[in-house]
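# Structure assessment
Chain by chain, the residues:
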Amino acid sequence: MKKRHEQKLIILSMLMILALNIPLILLFDSSKPLFGFPVIYIYLFSAWLFSIGTTYLIIKKYYE
């Protein structure tokens, strides 16, 4: 894997550290459910799935 592709993964890791930081998570902590689920759960699982999907795409596309 080339250095620039490794840098993409590092940037993704830093973004996920910020996305899963407590102050940002608490912004989505509301008492109203969305589609029957608490908003905080939807935020956490969508951020998690986004990171997995993006990592998969970077590794699959650029693995040499």
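Residues numbered from 1 in each chain as written. Predicted model: local features only at pLDDT ≥ 70, side-chain atom pairs only at ≥ 80, totals over all residues. Heavy atoms only, no water.

For the structure shown, the criterion picks out two aromatic pairs. Residues Phe-45 and Trp-48 carry aromatic rings whose centres are separated by 6.1 Å and whose planes lie at 70° to one another, so their mutual orientation is edge-to-face. Highlighted residues: Phe-45 and Trp-48, both in helix α3 (residues 39-62), separated by three residues, approximately one helical turn. Trp-48 sits in the partly exposed class, given a relative accessible area of 48%. (Phe/Tyr/Trp six-rings, centres within 6.5 Å; stacked < 30°, edge-to-face > 60°. Helix = DSSP H or I, 4+ residues; strand = E, 2+ residues; numbered from the N terminus. Buried < 20%, exposed > 50% of the residue type's maximum accessible area, 1.4 Å probe, protein only.)

Of all residues in the protein chain, 97% attain a pLDDT of 70 or more, and the chain-wide mean is 89. Here strand β1 (residues 33-34) stands out as the least confident element of the protein chain, with mean pLDDT 88; α3 is the most confident, with 92. (pLDDT = per-residue confidence, 0-100.)

If you look at the biggest cluster of nonpolar residues, it comprises seven residues: Leu-12, Met-16, Ala-19, Ile-25, Ile-40, Tyr-43 and Ala-47. When residues of this core are traced back to their parent elements, those giving at least two are α1 (3-19) and α3. Residue contacts for Ala-47: discarding those within four places in its chain leaves Met-16 and Leu-20. (Core = buried A, V, L, I, M, F, W, Y, C linked by side-chain atoms within 4.5 Å. Contact = heavy atoms within 4.5 Å.)

The end-to-end C-alpha separation of α3 is 34 Å, in line with the 34 Å expected for 24 residues at 1.5 Å each. Every buried residue belonging to α3 is among Ile-40, Tyr-43, Ala-47, Ser-51, Ile-58 and Tyr-62, and all of these are buried. (Expected span 1.5 Å × (residues − 1).)

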